[in-house]
Each structure stands twice: as structure tokens, then as C-alpha cells.
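Residues per chain, in single letters:
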Amino acid sequence: MNKYNFDTVIDRRGTAAVKYEGLDAVFGRHDVSPMWIADLDFAVCPDIVNGLRRRLDHPILGYYACPDTYWDAVRTWLSDRHAMKVEREEMTFIPGVVRGIAYCVNFRTKPGDKVIIQPPVYHPFRLVVEGNKREVVENPLRFDGEHYSMDLDHLAEVIEREKPRLMILCNPHNPIGLQWDRDTLARVASLCRKGGVTVVSDEIHGDLMLYNRRHIPYIEASDDARATGIMLGAPSKTFNIPGLVSSWMIIKNEELRRDFYQWLEVNEFSAPMMISAVGAEEAYRHGRNWLDEMLRYVEGNLEFACDYVERNIPGVKIIRPEASFLVWVDFRGLKLCQKELMNLLLDKAHIAMNDGTMFGSQGEGFARLNIGCPRSVLADALEHIKTAVEAVCPCTAENQK
Ligand SMILES: Cc1ncc(COP(=O)(O)O)c(C=O)c1O
């Protein structure tokens, strides 16, 4: 018997939710179903809200010192969920994972230095690097038309040729939802250690493994990984609390972390906000069952979507994610250019999905669908896509019959 209800459609208008209020700015219209930015349309675990309320019942909101109980909660979570043993001094608070990446780029590299990313990948990786006047070097994922994998031979060449200082790894990989296995991570680590490359591993989706897969944190993959790795994680995707802006960083290698953590501290980049830490602690302490039920619900949505698309939308394929609630959809069979595809989704299907090319030119012909919503909303969206595809590509629909 489930305790939480993920079927309820919750009206988020008037809450300054980017997913809704940002539609006009990003898509030029707001009369569309928002299935883009990566938060969930589910109510959070009530313990989180109750914990925040309890704190707000006290009338003074003064300067805040993060208590040991917060760090105990994070470390217990990492130990229970990922079998990670982390010492307190190896960890620091970070106000958001993208900011964490930005701190790494600023502290570990100089303008003009090269940073590896693996497109198609979460777009801020490129924005942060280029916005700080560093240079992106690409190690694109390999794609055989069905599956993605990491191109380790090309990675070796890139490290040898370009002499990058940093690599930003997405583990698991957004937008594909791909899990990296231990062997792949260990090989990345070995190449990076040899080439003097520090690896920033963004593991914000690491708690969201589907079908009971085990997440492998980069710094757990090997000694080389521990030596080269900076791990970034957060309860934000896990418990649907990105608005609380609560993240953390782990560096096992003392030499790598000493000056860096000091730099973060003197600049007060690592000072926790009260609301972030209180919410995160409640989530880590009490959110386990909510998370497990939420993941089962998302798996149900994924099965529903795969089945629906396969039966009803010819020319469209879902690349099955191994983690998270974001689905990489292959529309190449429709033979539309990217602009036509996005117009079809937006103007004909009335769905706001992320344009595949925002994650890199390799995303041409793709779009990303957020299935972290009540099943009825997903069902409507898929039906709209089906109708739009039938109207625009009747021959593809005919062929299927
Ligand atoms: C891979 C990845 N990293 C980071 C973020 C954003 O993290 P934050 O809001 O903590 O900056 C996202 C959000 O979608 C993401 O997918």
C-alpha cells in the first residue's frame, strides 16, 4: 500500500516556478504543457515541509551555523544509499551544483585553460566553462543509433593532444539518463590521473537510479578516481527541493581540497543557508520511503511512455534512461529539421520540451521530456504528440499500419 500520492495534479501557478512562469521567456508562449526544466510536479515528502515550518515557528532568523546533525544526516545517507564512507573534513556545503562546478572551474583553472565535457550533456557545463573564458574541448558520447557509451579512446587522444586541466563528468549522464559503470569510471580516472586532469563529477542524479540499479560514485571507482575527483551532489533532484539550493562537495584527496576549501570558506561560498540545511536534513532523515515510492512511480511512467510511443507514434523512439526522470526522445525518424521538430512539439502538440541541440549539436533530432509528473499529464502530452505527428507526417503514420 503506497503512502504517497503522485497522481494528484497540483496547480503550481503563482509560485514563481520557472517551469511554469518561465515558459513565455523561453518558449514564447505559456499555453503549453511544461515538460522541460528538471523538477518534479509532485508534492515533496511532508516531513520536509513540517521541519521547515517547525523552524519558522521560532521568531528569530539570525545568523546560522550548520549543526553536526546536518552532516551526520548527509553522511548516513551516503553510507546507507551508496556504501560511501565519507569523513566530515572531506565535505563542504555548496549553494547549488552548477555553482559548485563554477567554483571548481574558477579555482582549478585559468582563463584560456581547456576543460573536457561530453556532449550531448547538461548545457550549463559549456556555459560555465565558456562564460569564465576557459575553452571547452569535447569528448562526444558514442551513439550506435540505439545506445550511448563513453568514447574512452577519443578521451585518451583529447587528453594527450589538448592538455586539459579539468573534466566535467555527468554521473549519471543528463540528458540520456545513462549510468557509468565502475570500469568506465576507473578508466576515465586512470587517463585523467596520467594527464594531470582533475575530474569534477556532477552526481546530482545519483540517488535516482531506476529499477534498483546501484549508483557508482566516481570517487569510489578506484584509487585514481579518489586522487583526481571532486564529487558534487545534492538532495535537490532526489527529494524535489531545488528551490532550497542545498548541495555538497566531497574531495578525498587532501592536497586537492586543502587550498580549495579554504578559498571557498574565506569567500563564504561554502556557508550554508538555514533554510537549505534544515530542509536537506529533514529530507535525508525522513525522505527514504518517499523517494522509493517516487522512483517506482517514475518507472511506471517510463513503462507507460515507452509502450505508448512504440504502439502509437511511428518515427519516434525513447532512449530508455537508467536513472532519473528525464527522457531522451529520438525524433529523427520524422525527418524534420530541428526547427520543424521544435515547432511541431510547441505549436502543434503544445508541449514544452527541451530542444536536444541545447545539450550540444549531437542532440539534433532529439528533445528531452520530463516525465516527473502525474501519469494523466504524461498521457495527455503523449496523446498530443501523437496527434501532432499524425498531422504533420501522415506518411510515417501510414507506414506503421
Ligand atoms: C546534471 C545536472 N547538474 C546540475 C543541475 C542543477 O543543479 P543546481 O540547481 O544545484 O545548480 C541539474 C539540473 O537539472 C542537472 O541536471
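Parameters at a glance
- Throughout this document, residue positions are counted from 1 along each chain, in the order its sequence is written.
- Only residues with pLDDT of at least 70 get local features here, since the model is predicted, and only at 80 or more are side-chain atom pairs given and counted; chain-wide, interface and lining totals rely on the full set of residues.
- To define axes, lines are fitted to C-alpha atoms, for helices over the stretch in contact only, and angles between the resulting N-to-C directions are given on a 0 to 180 degree scale.
- Each helix is a run of H or I in the DSSP string that is no shorter than four residues. Each strand is a run of E no shorter than two, and both are numbered from the N terminus.
- Each angle gets one of four labels, with under 35 degrees taken as roughly parallel, over 145 as roughly antiparallel, 65 to 115 as roughly perpendicular, and the rest as oblique.
- Here a crossing is taken to be left-handed if its near helix is turned anticlockwise relative to the far helix by less than a right angle, and right-handed if that turn runs clockwise.
- By the criterion used throughout, residues are in contact when their C-beta atoms, derived from the backbone, lie within 7 Å.
- Following the grouping adopted for this structure description, the nonpolar residues are Ala, Val, Leu, Ile, Met, Phe, Trp, Tyr, Cys and Pro, the charged ones are Asp, Glu, Lys and Arg, and the polar ones are all others, Gly among them.
- Criterion used throughout: strands pair if DSSP finds at least two bridges between them.
- Throughout, right-handed denotes a crossover for which the path from the first strand over the helix to the second runs clockwise when the strands point away from the viewer.
- Those domain boundaries reflect an automatic or database domain assignment.
- Any residue whose backbone-placed C-beta atom lies within 6 Å of a molecule or strand is treated as near that molecule or strand.

Caption draft 1: Seen up close, the packing of helix α4 (residues 68-82) against helix α12 (residues 274-286). The geometry of α4 relative to α12 is characterised by a closest axis approach of 9 Å and an angle of 40 degrees between their N-to-C directions. Judged on the interaxial angle alone, α12 and α4 are oblique. Note that α4 runs across α12; the crossing there is left-handed. Where α4 abuts α12, its residues T69, Y70, A73, V74 and W77 lie against A277, A280, E281, Y284 and R285. Of the residues assigned to the contact of α4 with α12, the class counts are seven nonpolar, one polar and two charged.

Caption draft 2: The arrangement of the pairing of strand β4 (residues 135-138) in detail. Sheet topology note: the strand β3 (residues 114-117)/β4 ladder contains four bridges and is parallel. Note on β4: the bridge partner recorded for V115 is V136. As a crossover connection, the stretch from β3 through helix α6 (residues 124-131) into β4 is right-handed.

Caption draft 3: Representation of unusual backbone geometry in the model. Residue P120 follows P119 across a cis peptide bond; omega there is 0 degrees. Note on placement: P120 falls in the loop between β3 and α6. In this model, N171 is joined to P172 through a cis peptide bond whose omega is 0 degrees. When you line up the elements, P172 lands in the loop between β7 (166-170) and α8 (182-195). Backbone geometry places K133, a non-glycine residue, at a positive phi of 65 degrees. Relative to the helices and strands, K133 is located in the loop between α6 and β4.

Caption draft 4: Expanded view of the domain arrangement of the protein chain. Looking at the protein chain, the domain boundaries give domain 1 (18-45 + 288-400) and domain 2 (64-286). Distance between the C-alpha centres of domain 1 and domain 2: 27 Å. If you look at the interface, domain 1 gives 24 residues, while domain 2 gives 28 residues. Going through the elements one at a time, α13 (288-312) and β12 (326-330) are the ones with two or more residues in the side of domain 1 that touches domain 2. Classifying every residue of the side of domain 1 that touches domain 2 by side-chain character gives 15 nonpolar, five polar and four charged.

Caption draft 5: Focus on the packing of α13 against helix α15 (residues 375-392). Between α13 and α15, whose axes approach to 11 Å, the crossing angle comes to 20 degrees. The angle between α13 and α15 places the two elements in the roughly parallel class. Seen along the crossing, α13 lies across α15 with a hand that is right-handed. Listed contacts from α15 to G300, N301, F304, A305, Y308, V309 and N312 of α13 are R375, L378, L382 and K386. In the contact of α13 with α15, the residues fall into six nonpolar, three polar and two charged.

Caption draft 6: Structural context of the sheet that holds β12. With respect to topology, four strands assemble into an open sheet ordered β11-β12-β15-β14, the strand pairing being antiparallel. Since the sheet does not close on itself, it has two edges, and those belong to β11 (317-319) and β14 (354-355), each with one partner. In the sheet, β14 pairs with strand β15 (residues 366-370) via two bridges, with the strands oriented antiparallel. Within β15, the position partnered with D355 by the bridge is A367.

Caption draft 7: Seen up close, the site of the ligand. In the vicinity of the ligand lie 13 residues, with A38, G96, V97, V98 and Y122 positioned nearest. Classifying every residue of the shell around the ligand gives eight nonpolar, four polar and one charged.

Caption draft 8: Here's a closer look at the environment of T184. Topologically, T184 is positioned in helix α8. In the structure, T184 is positioned 86 residues away from V98 in sequence and 24 Å away in space, judged by C-alpha atoms.

Caption draft 9: Geometry of the environment of A305. Here A305 is to be found in helix α13. Separated by 22 residues in sequence, A305 and V327 place their C-alpha atoms 9.5 Å apart. Not counting residues within four places of it along the chain, the set of residues in contact with A305 comprises I318, V327, I371, L378 and L382.

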